[in-house]
Structures are given as structure tokens and as C-alpha cells.
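Understanding the architecture of this molecule
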Amino acid sequence: MNANEQRSDTAAVTQGGGHPSASVHPVVRVAAEWTWRLLVIFAGLLTLGYIVTRLDTVLIPVGLALLASALLVPLVDWLQGKGVPRSAAVLVVLIGSIGIVAGIMTFVVEQFIEGLPGLTEQFEASVTQIQGWLTDGPFHFSEDQIRQAGDSVVKSIQENRQQLTSGALTTATVVGEIFTGALLTLFTLIFFLYGGSQIWEFVTRLVPTRSRRRVRLAGSEGFGSLIGYVRATVAVAAADAIGIGAGLAILGVPLALPLASLVFIGAFIPIVGAFLTGFLAVLVALVTKGFLTALIVLGIIIGVMQLEAHVLQPLLLGRAVRLHPLAVVLAITTGIVLAGIVGGLLAVPIVALLNTAVRSLLSADPEATYDALEVDDPSVPLYPAQADTPPHHDDPHSENPAQTHDRRE
């Protein structure tokens with residue numbers, strides 16, 4: 001390269017902005033900036049997921065304790081307002097709650113044990129009917145083929161006895177972990193109920209002084225949304241259990257009360273929980289009462305789910321804790337991948353809490369953000385399919401954009 005060519009290249013760079021990066025096309029530069037920022041965010045999410053999976057033994061009990069405290073702390077505050085000391089109120093609420101849960105679980109287990117023999121007999125009769133249909137029906141299977149299929153299943157179980165035994169040992173280990181997690185949850189819950197606000201103030205001391213009050217306010221508003229979410233979820237779960245359980249009892253399906261209890265527990269996982277546990281009731285109805293009864297039970301479950309989605313949730317939850325269905329499904333899926341069923345249970349409440357907290361942090365007036373989410377008509381769509389209609393030019397109250405621009409200037 002001669003001197004003239006070097007001078008021409010230097011002049012080109014100088015005309016392009018004085019720096020070699022100025023010669024890069026703006027689209028490429030913007031794409032590169034977006035790429036490295038997205039990569040940093042993705043790396044942060046991966047790190048967070050790794051921390052959650054490694055510390056799930058600690059984080060899951062803390063999350064369950066936070067969820068339980070959102071349900072019980074209003075009752076503790078009410079007792080304290082009536083003159084009961086805070087420590088005594090916490091003790092009374094905990095003992096009462098544990099007693100109620102233990103009594104319900106004992107009653108459900110007894111009902112299940114009493115109804116299990118009859119269910120087994122009906123199941124055997126249904127298997128016999130299925131075998132008869134396979135031999136005499138359109139498929140015309142021979143009894144030898146059915147017998148060979150049964151023998152192969154038994155042989156497979158015998159061959160995998162060692163794996164089943166190790167699975168039993170693993171189950172015993174899981175039971176120990178569940179017991180340990182339950183004790184940690186109870187211990188954490190006691191302190192959340194007694195002095196949760198003080199714990200939050202202590203944690204937020206890590207935040208710079210200039211932003212500390214704003215962060216504390218966002219956390220308080222987020223916990224308020226969590227309280228509303230838990231209350232509404234308990235009410236919705238109870239309605240689902242009563243509706244489906246009453247339908248099962250009227251149809252004479254065995255184990256109606258235990259199945260309704262499963263529906264109540266499953267309803268704490270929005271959208272999918274109650275439907276999946278209700279599908280178990282459909283299977284029991286199919287085995288014990290036949291195809292028509294199972295179809296009726298399926299119709300009852302679908303009807304209860306529609307009532308929940310279009311009446312109960314909008315009425316009880318309101319806009320303050322309503323989330324987009326896509327956000328709910330993605331949160332549940334992520335929670336199940338990271339922490340199993342308990343992760344799916346905690347995912348939506350955590351997202352509801354963060355939804356309000358982030359809104360408060362990003363708002364110019366944080367104290368008005370929570371009130372703005374509350375509306376008189378919660379049935380108004382939070383995420384409409386179409387944008388709002390612009391003001392019509394014939395409307396005397398509508399304003400010309402040019403006039404608005406002039407007034408702002």
C-alpha cells in the first residue's frame with residue numbers, strides 16, 4: 001500500500017466520525033449492543049436458577065412460610081388489635097391452624113381407608129369387564145394373549161425388584177427431607193408472624209439510603225397483594241372442592257370426600273391444578289360407575305373451571321393480583337422445572353408479589369400505584385385484545401394533538 005492509499009483510508013475514517021467503530025453500520029451496532037445485554041441477562045437468569053436449585057432445601061421452606069404468613073398474619077393482627085399480646089396471638093393462630101389441618105387430614109385419610117376396599121373390588125370387576133370386552137369385542141383377542149400380557153407385566157416387576165427397593169429407600173429419604181423442611185417452615189413462619197415487618201426493614205438496610213424507603217414500600221405493597229392472592233385462592237379452591245365434591249357425592253362416586261380434598265389442594269396451582277386433580281375423579285368414576293358417569297363428572301369439572309375463571313377469580317382477585325394467563329403458565333412451568341410440584345405451587349404467588357413490587361418501584365408515585373390497580377369493575381379485561389379507540393374528531397371534548405403539543409410547549 002502506497003502513501004496516497006494510506007492517506008485516503010485515514011481521511012475516510014476521519015470523515016466517518018474519527019473512530020474506526022464509526023464505520024460500522026448502525027443496525028449492526030444496535031444488534032451487537034442488544035446481544036451482549038441479552039446475554040448478560042440470560043447469564044443472570046441461569047445463575048439465579050442454579051442458586052435456586054442448589055438451595056431449594058432452604059428456599060422452599062422459606063417460600064412456604066411466606067405463603068402461610070400471608071394467610072395467617074391478618075388474623076394475628078386482628079387478635080393483637082383486640083388486646084392480645086403479639087406472641088400469644090401467634091401461638092393461638094398456629095395451634096388453631098395446625099389443629100384444623102390435622103383434623104381435616106385425619107378425617108380424609110380415614111374416609112380413604114374405609115372406601116379403598118370397595119374401590120378395589122369395583123376396580124377388579126371393571127378389569128374383568130375390560131378383559132371380556134377385549135375377548136368378545138371387535139378386537140377378538142384370545143385369552144392366551146391377555147394372560148401373556150399380564151404375565152409380562154408381573155415378570156417386568158419381578159425383574160426390576162431391585163430398582164423398586166432402591167426407590168423405596170429413596171422414598172424414605174424424601175420423607176426425612178419433608179419432615180426437616182416442615183420443621184424449618186414452621187420455625188420460619190413463627191418469626192414471620194411475630195416480626196415480619198422488622199425482618200423486612202433489617203434486610204432492606206442493604207439498600208442505599210436514598211432508595212431504602214421506596215424499596216420498603218414496594219415490599220409492603222407486594223406482600224399486600226400476596227395476602228389478597230392467598231385469600232382469594234383459598235376461597236376459589238374451596239368453591240372448586242365443594243362443587244366437584246358435591247357432584248361426585250350426588251352421582252355416588254366412591255371416595256368423593258378424598259377426591260374433593262385433592263381438588264382443594266390442586267386448586268392452589270392456578271389453571272392446571274384443579275383440572276388435573278379433577279381428572280383423577282373422572283378416572284375413578286370411569287372405573288367404578290362407567291363411561292356415562294365419567295362423562296358427567298368431566299362436564300361438572302369443566303363447568304366449575306369456567307365458573308372459577310370467569311366469575312370467582314375476577315371477583316375475588318381484582319386487578320391488583322391478576323396476571324396474564326401466559327405469565328401464569330410460564331411461571332408454573334418454570335417453578336416445576338426448578339423445584340417440582342412445590343415450585344409450581346410457589347411460582348404464581350411469587351410472580352404476583354413481584355408484579356406489584358416492580359410496579360411500585362417503576363412508578364412515579366409509588367403510593368398511588370396499588371390504589372390505581374383496584375377498580376370498581378374487576379371484570380374489565382386487564383389485557384384487552386385491541387388497543388383503546390382514539391378520540392373521535394367530531395367529539396367536542398376530544399383534543400387536537402397539535403393543540404396538546406402547543407399547550408405542552
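Residues numbered from 1 in each chain as written. Predicted model: local features only at pLDDT ≥ 70, side-chain atom pairs only at ≥ 80, totals over all residues. Heavy atoms only, no water.

1. Comments concerning the layout of surface pockets
- Size it by volume and the second largest pocket reaches roughly 1,600 Å³.
- Along the wall of the second largest pocket there are 48 residues; nearest its centre are Gly 63, Leu 66, Ile 350, Leu 353 and Leu 354.
- When contributions to the lining of the second largest pocket are tallied by element, the ones reaching two or more residues are helix H2 (26-54), helix H3 (56-81), helix H6 (161-203), helix H7 (209-251) and helix H11 (325-362).
- The dominant element in the lining of the second largest pocket, judged by the number of residues it contributes, is H11, at 14 residues.
- Each residue belonging to the lining of the second largest pocket can be placed in one class, and the counts come to 31 nonpolar, 12 polar and 5 charged. (1 Å grid on protein atoms, 1.4 Å probe; cavity = no way out; pocket = protein on both sides within 12 Å on 5 of 7 lines; lining within 4 Å. Points joined across faces, edges and corners; volume = space filled by probe spheres on them. Helix = DSSP H or I, 4+ residues; strand = E, 2+ residues; numbered from the N terminus. Nonpolar A, V, L, I, M, F, W, Y, C, P; charged D, E, K, R; others polar.)

2. Remarks on the UniProt feature "transmembrane region" (unreviewed entry) in the chain
- Within the UniProt annotation, "transmembrane region" (unreviewed entry) is assigned to residues 34-52, 58-76, 88-109, 178-203, 223-253, 259-283, 290-307 and 327-354.
- As a span, residues 58-76 carries 100% helix and 0% strand, and end to end its C-alpha atoms are 25 Å apart.
- Within residues 290-307, the helical portion is 94% and the strand portion 0%, while the C-alpha atoms at the span's ends are 26 Å from each other. (UniProt positions renumbered as here; feature names shortened; annotations may be inferred.)

3. A look at H11
- If you check H11, its first and last C-alpha atoms are just 23 Å apart, much less than what 38 residues at 1.5 Å a residue would give, namely 56 Å.
- Ala 339 marks the point of greatest bend in H11, at about 145 degrees. (Expected span 1.5 Å × (residues − 1). Bend = angle between axes of the 7 residues up to and from the residue.)

4. With respect to the packing of aromatic side chains
- According to the stated counting rule, one finds 2 aromatic pairs in the structure shown.
- Residues Phe 187 and Phe 191 carry aromatic rings whose centres are separated by 5.0 Å and whose planes lie at 65 degrees to one another, so their mutual orientation is edge-to-face. Residue Phe 187 and its partner Phe 191 are located together in helix H6, separated by 4 residues, close to a single helical turn.
- Ring centres of Phe 264 and Phe 268 lie 5.4 Å apart, and the angle between their planes is 85 degrees; this geometry places the pair in the edge-to-face category.
- For Phe 264, a relative accessible area of 29% translates into the label partly exposed. (Phe/Tyr/Trp six-rings, centres within 6.5 Å; stacked < 30°, edge-to-face > 60°. Buried < 20%, exposed > 50% of the residue type's maximum accessible area, 1.4 Å probe, protein only.)

5. As for empty space enclosed by the protein
- Evaluated as defined, the whole model comprises 1 cavity of 30 Å³ or more.
- Volume-wise, the largest cavity comes out at about 60 Å³.
- Along its surface, the largest cavity is lined by Gly 63, Leu 66, Leu 67, Leu 226, Leu 346, Pro 349, Ile 350 and Leu 353.
- Elements represented by at least two residues in the lining of the largest cavity include exactly H3 and H11.
- Here the lining of the largest cavity gets 4 residues from one element, more than from any other, and that element is H11.
- Here the lining of the largest cavity is composed, by residue class, of 7 nonpolar, 1 polar and no charged.

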